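Residues per chain are reported as follows:
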There are 2 protein chains.
Amino acid sequence: MKNIAVFGLGLIGGSIASALMGFEDYHIIGVNRAGETLRYARENGIGDEATDDELTAVKSADVVFLCYPPQKIIDFLEKYKNDFKPGALVTDVCGIKTAVMEASRCLPDTVDFIGSHPMAGREVSGIKNSLPTLFKGAHYIITPRATSKPENIELLKRIAAQLGCMDVVNTTPEKHDSIIAYTSQAMHIMAVSVCDDPYMFDCLGYEGGSFRDCTRVAALDVPLWTELFSLNSKALSEVLERLEKNLHSYRLAVESGDKDYLAAKLNVSASRKKLMNFEHERGDDMSR
Amino acid sequence: MKNIAVFGLGLIGGSIASALMGFEDYHIIGVNRAGETLRYARENGIGDEATDDELTAVKSADVVFLCYPPQKIIDFLEKYKNDFKPGALVTDVCGIKTAVMEASRCLPDTVDFIGSHPMAGREVSGIKNSLPTLFKGAHYIITPRATSKPENIELLKRIAAQLGCMDVVNTTPEKHDSIIAYTSQAMHIMAVSVCDDPYMFDCLGYEGGSFRDCTRVAALDVPLWTELFSLNSKALSEVLERLEKNLHSYRLAVESGDKDYLAAKLNVSASRKKLMNFEHERGDDMSR
């Protein structure tokens, strides 16, 4: 029997611990300090076992999942760098990868650190909102080192499949962070920007699906996202600048009164979106 | 037996015709010119009856639903203004109200025109995508005239309930258009702006829920939305200008490197969103 230790039983960690139960011959250990979370994990069968003994869990784990915000991951690696089981695969789940991969350099050669980012989440947090199906259909991104063992990459692929992910995307931390600035971080900045409108509360009763969808993620975990944005500020700032320009250009088109121009512009954007949907579905088909 | 005639069996009209079947003692007549749509309506039982005879349907209808884009509604009212049944309630479903209410002034006093905007939609169009449940939980906005009959307002409330709407919001066309510029139109402009990013197609494999939700409506019906944006350009331009400023202010916060400031700013926006969710749910509870 081998062990997978999942550190941090919040929304993501709790969902991973649930979803991994029954995976091959692994025993799933959930690790968390807060007593209430531990009790909840035990009472609801999240993980095969739940403990607050971090050191023992680190020492016994063949696979370690760090489900913490970036700085806590960095601190954890520094604290336990000499305690991981030789040959262990250590991974994380956080939304930026360069800073985490940098920090993992403190680990001895006997430990293989491969960054992970399963691209799913909810606008609520905590173990009580965790779901074994949270990652169904999501992309699972990995950022291996040049020295990562192929068998560990294969193991992560099987783990991603167990979580229900649609595919595994293998990339560099730099490429991950640059792209995620657009596909995730900028979407969150847009959502909070919309909610800063002074007239928002006058609009109760007038929200449709587009408002609910575009602002859903605005109720974000502030300390986590402050870290994520700050650790990726250069890439994020570039995306936001492009977005401001695109938005401004649409405002000018609306103000111009030139319907043909506005229609042509909308046609370009809508066609791009339809093509993106098509490519996404094709990727989905190919992964089955 | 009284008649409700639904003109234009697209996504919205088809959904309304389906959902209204069985409503009180009304017979539901779907009206459409395109033969293929008519055939689909008949084969799939959308409406009690489907016809391409507009004039007969206008003459026989106690309630008329115009499910067309704005200009087509305006043209329809002008064309058939002298053919509506005396005492008829005429309504529409389109996303701007001032221009439509203006156009309805051509109707004789014997016809009561009350604007409607059931706030639901999908990013796909046509009768084949229509759903009797499309309006479940949606707000149903009405813009009556000062002279509208109370019994017609009551009738629209019962119709909204039959559609499954969560509430009926009674307002003026001007207020509707000003608010909708924010809660709907600006969300669509944001979505298309995001899809204009030159690097979008490099991001396949990296999309999470926030990207899919924020860009869902970008695959829009171009002629329809060109009309909606153009007929509400002043209000929309004002909202977009505020949104650009809010987005810019977030970019400055990200670039500043001042984490405390960024966290404080995120905290304000996230709290506003949580309060908005709370107020929405409270409204939902009150309407039950």
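Residues numbered from 1 in each chain as written. Chains lettered and ligands numbered in written order. Predicted model: local features only at pLDDT ≥ 70, side-chain atom pairs only at ≥ 80, totals over all residues. Heavy atoms only, no water.

Participant: How would you explain the relation of the copies chain A and chain B if you had to name every residue and give the values?
Facilitator: Structural alignment of chain A on chain B gives an RMSD of 0.0 Å, achieved by rotating through 180° and translating 0.0 Å along the axis. Taken together, the rotation and translation relating the two chain copies correspond to the operation of a two-fold axis. The share of interface residues of chain A whose copies in chain B are also at the interface is 100%, consistent with both copies meeting through the same surface. (Least-squares fit on C-alpha atoms with pLDDT ≥ 70 in both. Contact = heavy atoms within 4.5 Å.)

Participant: Give me the lowdown on the state of the cysteines, citing residues and values where you can.
Facilitator: Applying the stated criterion to the full structure yields zero disulfides over all chains. In this structure B:Cys203 is a free cysteine whose sulfur lies 11 Å from that of B:Cys195, the closest cysteine sulfur available. A relative accessible area of 2% places B:Cys203 in the buried class. Free of any disulfide, B:Cys214 has its nearest neighbouring cysteine sulfur in A:Cys214, separated by 4.6 Å. The class of B:Cys214 is buried, set by a relative accessible area of 1%. (Disulfide = S-S within 2.5 Å. Buried < 20%, exposed > 50% of the residue type's maximum accessible area, 1.4 Å probe, protein only.)

Participant: Mind laying out the pattern of salt bridges, listing which residues take part and the relevant values?
Facilitator: Here the structure, examined in full by the defined rule, presents 28 salt bridges over all chains. Note that A:Arg158 and A:Glu24 form a salt bridge whose closest N and O atoms lie 2.4 Å from each other. Taken together, the residues span a long stretch of sequence, with A:Arg158 in helix H6 (residues 150-163) and A:Glu24 in the loop between helix H1 (11-20) and strand S2 (26-31) at a distance of 134 residues. Using a relative accessible area of 43% as the deciding quantity, one classes A:Glu24 as partly exposed. Residue B:Arg216 is joined to A:Asp213 by a salt bridge in which the shortest nitrogen-to-oxygen separation is 2.6 Å. With one member in each of two chains, B:Arg216 in the loop between helix H8 (209-215) and helix H9 (222-230) and A:Asp213 in helix H8 (residues 209-215) form a pair that bridges those chains. Ionic contacts of the salt-bridge type, sharing partners, join the residues A:Glu241, A:Glu244, B:Arg251 and B:Glu255 into one network. (Salt bridge = Lys/Arg side-chain N within 4 Å of Asp/Glu carboxyl O. Helix = DSSP H or I, 4+ residues; strand = E, 2+ residues; numbered from the N terminus.)

Participant: Could you give an account of helix H7 (residues 173-195) of chain A, with specific residues and numbers?
Facilitator: Along its 23 residues, H7(A) runs 31 Å from first to last C-alpha, staying within 8% of the 33 Å computed at 1.5 Å per residue. The sharpest bend along H7(A) comes to roughly 50°, located at A:Ala181. (Expected span 1.5 Å × (residues − 1). Bend = angle between axes of the 7 residues up to and from the residue.)

Participant: Any chance you could break down the interface of chain A and chain B for me, citing the residues and the numbers?
Facilitator: Buried accessible area, meaning the area lost when the parts come together, often serves as the stated size of an interface. At the interface, 81 residues of chain A touch 81 residues of chain B. Of the roughly 8,400 Å² buried between chain A and chain B, counting both surfaces, carbon and sulfur atoms make up 67%. One can count eight salt bridges joining chain A with chain B. The salt bridge involving A:Glu241 is made with B:Arg251; its shortest N-O contact spans 3.8 Å. In this assembly, chain A and chain B are joined by 28 residue pairs in polar contact (both at pLDDT 80 or more). (Buried area = accessible area lost by both parts, 1.4 Å probe. Polar contact = N/O pair within 3.5 Å; in protein donor to acceptor, adjacent residues only side chain to side chain.)

Participant: A description of helix H2 (residues 35-43) of chain A should follow, citing residues and the corresponding values.
Facilitator: All names here are of chain A. Those residues of H2 not exposed but buried are Thr37, Leu38 and Ala41. Projected down its long axis, H2 carries its buried residues within an arc of 100°, all on one side. Facing away from the buried side of H2 by more than 90 degrees, the exposed set consists of Glu36, Arg42 and Glu43. The inward-facing, buried residues of H2 abut strand S3 (49-51). Once H2 finishes, Gly45 follows within two positions and takes phi at roughly 65°, a positive value. (Arc of directions from axis to C-beta.)

Participant: Before we move on, could you go through the sheet that holds strand S5 (residues 89-92) of chain B and cite the residues and values that matter?
Facilitator: All names here are of chain B. With parallel pairing, the six strands of this open sheet are ordered in space as S3-S2-S1-S4-S5-S6. Every other strand in the sheet has two partners, leaving strand S3 (49-51) and strand S6 (112-113) as the edge strands with one partner each. Two strands pair when backbone bridges link them, and S5 and S6 are joined in this way by two bridges, in the parallel orientation. The residue of S6 that forms the bridge with Leu89 is Asp112. Sheet contacts for helix H6 (residues 150-163): strand S1 (2-7), strand S2 (26-31), strand S4 (63-66), S5 and S6; angle to S5, the most-contacted strand, approximately 50°. (Pairing = 2+ DSSP bridges. Axes fitted to C-alpha atoms, helices over the stretch in contact; angles between N-to-C directions.)

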